Amino acid sequence: MINKVAWAVQPGQKSMNRSTRLVAGLQELGAISPDAQFVHHGRAETTSQSTQASPLLPRIPHDDLGTTAVMSPVFTCAPDSPQFGWIDLFDDWSIAPDINRLYRTYSKIFYQRLKRVHKLPATVTVNSPYMAGMLGLRQDNIVHNGVDPALASVQHTGDQRRRLIVLGHFFEGRTDLALLRSVVEAGRFDQVAICGLTPGQRIYQPMQRAVSSCASVVVEEFVAPDHLGRYIGANTVALIPNAVSDYTVSQDMMKMYTFVALGVNAICPLHLIPRTIPLEAVYAVGPGLNMARTLPDWIVGSSRLSIQDRMDFARQHSWLARATVIADRIAR
């Protein structure tokens, strides 16, 4: 059983990301102790929930607690340490635009060390084919992101207007403002709903300008996915407004799983569509595409997943299903 978790999640942080979802699932399955200790890197100080590693040189304390799960490449440690039972690496942190230069360097070193190890004592998982290839791992090391099955039961209460949902978080180096502008102009939307954008962000004004061709723009600082039903109607679609780069290709677009479970068809760059997403739910943006000609008809004419299809998808790709795969591998 894993008794310690070293990760980037700050104590008290409520966001439901890959790390928190998988840890919760593994605790439910008994692979991680319910009393596990946590170590985090970052600015948050030590609390009763988690111990802060040194911000300048994050290390995982060596003690007699037993097996450790490592969920961040920022920790300065040897990947082949016998104390590690599970290593989960998601997104290429060595080139992440929202991570500081020091932590990008630590991540690069960790990746290089892992690639040199011929036989790792720990179970290693990654989120995308890019990460598997970059680290010299096999395809079966990939455990994709998941989704909350409850989203498949969210009721649609939005009206019939042509509406675009854009779900954050947004930041320079990942958010593609040109794509956002092109989609809004080509789609002839009656309303654009941007969820997860705050006035204090540097990208706030540029995003407002990108959607200015739409007469009705709603901006909310935060909307939980299970509360998006009020925006979803028969002609509602979503957009993954991410630029295509090595960094975004290294990711596994969690919001695509969310939109499929919610029953919302989504517009997404071709190279960023996860392999596990049903293609009938996606409008793929790629070279040679004439959005002005094809997007308006797709918005109102594309088929939508049935509630049963949504439930089947969410059950098959639930976070607990992902955690079960990892728990089985840890137990081998």
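Please read these numbers as outputs of a predicted model, since none were measured by experiment.

Peer 1: Just checking my understanding: could you explain the overall build of the chain for this structure?
Peer 2: Broken down by element type, the chain carries 10 helices and 12 strands. Since a compact globule built from 332 residues should have a radius of gyration of about 20 Å, the 21 Å found for the chain is in line with a globular shape. Counting across all 332 residues of the chain, residues that qualify as buried make up 53%. Across the chain, contacts joining residues at least 24 apart in sequence account for 70% of those joining residues at least 6 apart. As displayed, the chain has an accessible area near 15,200 Å², and 52% of this comes from carbon and sulfur atoms.

Peer 1: Quick question: what am I supposed to make of a nonpolar patch on the surface here?
Peer 2: Judged by side-chain polarity, L56, L57 and L102 come together as a nonpolar surface patch covering roughly 260 Å² of accessible area. Given a relative accessible area of 34%, L102 falls into the partly exposed group.

Peer 1: So what exactly am I meant to see when it comes to the packing of aromatic side chains here?
Peer 2: Here a ring pair, both rings aromatic, is described through the centre-centre distance and the interplanar angle of the planes. Applying the stated criterion across every chain, the model contains 5 aromatic pairs. Summarising the aromatic geometry, the rings of F90 and W93 are spaced 5.7 Å apart at their centres and angled 85° between planes, so their arrangement reads as edge-to-face. As far as burial versus exposure is concerned, F90 and W93 are alike and both buried. Measuring from ring centre to ring centre gives 5.2 Å for Y283 and W298, while their planes differ by 50°; the resulting arrangement is tilted. Here Y283, found in strand β12 (residues 282–285), pairs with W298, found in helix α8 (residues 291–301); they are 15 residues apart in sequence, far enough to count as distant.

Peer 1: Looking at this model, I keep getting lost on helix α2 (residues 101–116). Mind explaining?
Peer 2: It helps to recall that an α-helix has 3.6 residues per turn; residues three or four apart then point in one direction. With 16 residues, α2 should cover 22 Å at 1.5 Å per step; its first-to-last C-alpha distance of 23 Å lies within 8% of that length. Residues of α2 that are buried make contact with β5 (84–89) and α3 (129–134).

Peer 1: Whenever I open this one, the layout of surface pockets confuses me. Can you help?
Peer 2: To locate leftover empty space, one rolls a probe as large as a water molecule over the atoms. Taken as a whole, the second largest pocket holds about 540 Å³ of empty space. As for the second largest pocket, its lining consists of 21 residues, of which L120, A122, V124, R138 and N141 are closest to the centre. Listing elements by their share of the lining of the second largest pocket, those giving two or more residues are α2, β6 (123–126) and α10 (319–331). Sort the elements by how many residues they give to the lining of the second largest pocket and β6 lands first, with 3 residues.

Calculation notes
Residues numbered from 1 in each chain as written. Predicted model: local features only at pLDDT ≥ 70, side-chain atom pairs only at ≥ 80, totals over all residues. Heavy atoms only, no water. Helix = DSSP H or I, 4+ residues; strand = E, 2+ residues; numbered from the N terminus. Rg over C-alpha atoms; globule rule 2.2 N^0.38 Å. Buried < 20%, exposed > 50% of the residue type's maximum accessible area, 1.4 Å probe, protein only. Contact = heavy atoms within 4.5 Å. Areas by Shrake-Rupley, 256 points an atom, 1.4 Å probe, with all protein chains shown as cover. Patch = residues over 30% accessible without salt bridge, like charges linked within 9 Å, V, L, I, M, F, W, Y side chains within 5 Å. Salt bridge = Lys/Arg side-chain N within 4 Å of Asp/Glu carboxyl O. Phe/Tyr/Trp six-rings, centres within 6.5 Å; stacked < 30°, edge-to-face > 60°. Expected span 1.5 Å × (residues − 1). 1 Å grid on protein atoms, 1.4 Å probe; cavity = no way out; pocket = protein on both sides within 12 Å on 5 of 7 lines; lining within 4 Å. Points joined across faces, edges and corners; volume = space filled by probe spheres on them.

Shape descriptors only; they carry no functional weight alone.
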